[in-house]
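Each chain is listed here by its residues.
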Amino acid sequence: RKLTKKRGNDGLRLPPGPWQLPVIGSLHHLLLRGTLAHRAMAGIARRLDDAPLIYLRLGEIPVVVASSRDAAREFLKTRDANFANRPWSSTVRTMMLLSARRVQSFRRVREEEVSRLVDAVAAAAAAPGEAAVNVSERVAVLITDSVMRVMIGDRFERREEFLEGLDEAIKITSGFNLSDLFPSSRLARLVGGTARRAKANHRKNFELMDYAIKQHEQRRAAVAASAAADGTGEEEDLVDVLLRVQKEGGLEVPLTMGIIKAVILDLFGAGSETSANTIQWAMSELMRNPRVLHKAQAELRDNLCGKPTVTEDDLADLKYLKLIIRETLRLHPSVPLLLPRECQESCKVMGYDIPKGTTVFVNVWAISRDHKYWDDAEIFKPERFESVAVDFKGTDFEFTPFGAGRRICPGMTFAQASMDLALAALLYHFDWKLPAGLLPEELNMEEVMGITVRRKHDLYLRPVVRVPPQDAP
Ligand code: HEM
């Protein structure tokens, strides 16, 4: 059906958008194009002559989607303050929690956990037969355990239950649920039933966080006892930092245990799936692009000259590896529409009216695949970043996989450190083969939307040990 341009009926000049139906507004345009909102929204913008801004009404919610570099700059920089509706102070506080110095202090955790991953893969490679390893699962375990150790000082004893709880949270919050789209309708709330499920899930997750903090306290007591005996101490983990800040007091809003639990849960939710997904997408793209895979392995093996382990000291020289992560984030940004922003005061953007209360998405996925800014935009080519000085730090608006401005991801440095080391170790110690009979171009790259965009199917690969890890079986 033809898309038509839309003009506001109260004299406003709204961005163009597809035709709307009564009650549901533009929702059918997204539903008919499948559940991947970033792809559906990109398709609509393209059909409206590559409109940098489009206007949709999803149920009762007015939505504007930015799909060009200039439009992204408007929302993330020029008018950042009017759209950054989360309190800035909370982002700043999280940033302090994850400052470069503190990220550095967790180096030992990352190195130990990556070493466990390498040992587990080496054990699988040594098993009889040619069974493939579930790379997605291994990477998820690596990231979960690393993030938990950083937060509570230890691997979480109830990891499986916790992951199930998060999975349920992802199911509840993903897609469009009726009560979000029709906030004023009691019927939508009843039919959807999401509120009840969300409440139960919230209760369960907080109960698990109680347990995590108890586990932390017990560990601290044990460490203190042995430190008194041998005079050694341990790095502060994030719960230590939060409890210390709580004790020092003097904050505008007192740091209650409820807030501390919410911060841990938020950090885990925001930090684990995103990093794990990016490593999985990187491995997937490498399997589809053997030339890039071999070049990365040559860089690693030339630089490390047979060393038994990759450490963070080795990473500085691995320029190509870093370009691979950058190119992966370009084609597979984990949070493709960034977090929704809300217009605080009506304003004009690129000549269009944006009414107060409008929800704004920035379609980073569409922008970082746009032929206007990228040659061979759909092709995985890490070398492109050798000739253009474009980085993901939030100043180049054609490439903002971590967002930009006041709401930029506070975990960017943390994520980079974990992803670089994990990918380096996987490529250094092992050669990787696709399961028998599968050609590189046949590898399934379908996406599914949770809180983040992840692989629809787990990635299975066959490892062949090239550089045995130190304590290999
Ligand atoms: C590849 C890995 C990651 C990617 C691609 C990513 C991406 C993002 C993006 C796009 C946002 C929203 C920014 C915006 O709307 O402008 C965000 C927010 C955030 N990220 Fe990350 N992130 C990653 C890893 C991490 C890690 C490791 C942590 C912490 C350990 C983390 C913690 C957060 C937090 C706390 C927020 C704010 C959430 C909120 O506003 O409620 N992220 N991230």
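Quantities reported herein were computed from a predicted structural model and do not represent experimental measurements.

**Things to note about helix α15 (residues 290–304)**
(1) Moving on: Given a rise of 1.5 Å per residue, 15 residues ought to cover 21 Å, and the 21 Å separating the end C-alpha atoms of α15 matches this to within 8%.
(2) Moving on: Turning to α15, its buried residues number three or more, namely V292, L293, A296, Q297, E299, L300 and L304. All buried residues of α15 lie within an arc of 155° about the axis, which places them on one face of the element.
(3) Moving on: Where the residues of α15 are buried, they touch α14 (257–288), α16 (319–331), α19 (412–429) and β8 (430–433).
(4) Moving on: A positive phi of about 45° marks C305, the residue just after α15.

**Side note on the pairing of strand β7 (residues 359–362)**
(1) Moving on: Because side chains alternate across β7, one face comprises the buried residues T359 and F361, and the other comprises V360 and V362, equally buried.
(2) Moving on: The pairing of strand β2 (residues 61–66) with β7 spans 4 bridges and is parallel. Of the residues in β7, the one forming a bridge with V65 is F361.
(3) Moving on: As paired strands, strand β4 (residues 341–342) and β7 are joined by 2 bridges and run antiparallel to one another. Bridge assignment links R341 to a residue of β7, and that residue is V360.

**Regarding the packing of helix α7 (residues 107–126) against α19**
(1) Moving on: The N-to-C vectors of α7 and α19 enclose an angle of 30°; their axes lie 10 Å apart at closest approach. Judged by the twist between their axes, the crossing of α7 over α19 is right-handed. Only A417, S418, L421, A422, A425, L426 and H429 of α19 make contact with α7, whose side of the interface consists of R110, E111, V114, L117 and V118.
(2) Moving on: Per-class residue counts for the contact of α7 with α19 are 8 nonpolar, 2 polar and 2 charged.

Basis of the calculations
Residues numbered from 1 in each chain as written. Predicted model: local features only at pLDDT ≥ 70, side-chain atom pairs only at ≥ 80, totals over all residues. Heavy atoms only, no water. Helix = DSSP H or I, 4+ residues; strand = E, 2+ residues; numbered from the N terminus. Expected span 1.5 Å × (residues − 1). Buried < 20%, exposed > 50% of the residue type's maximum accessible area, 1.4 Å probe, protein only. Arc of directions from axis to C-beta. Contact = heavy atoms within 4.5 Å. Pairing = 2+ DSSP bridges. Axes fitted to C-alpha atoms, helices over the stretch in contact; angles between N-to-C directions. Left-handed = near helix turned anticlockwise from the far one by under 90°. Nonpolar A, V, L, I, M, F, W, Y, C, P; charged D, E, K, R; others polar.

Everything listed is a geometric property; what it means functionally is a separate question.
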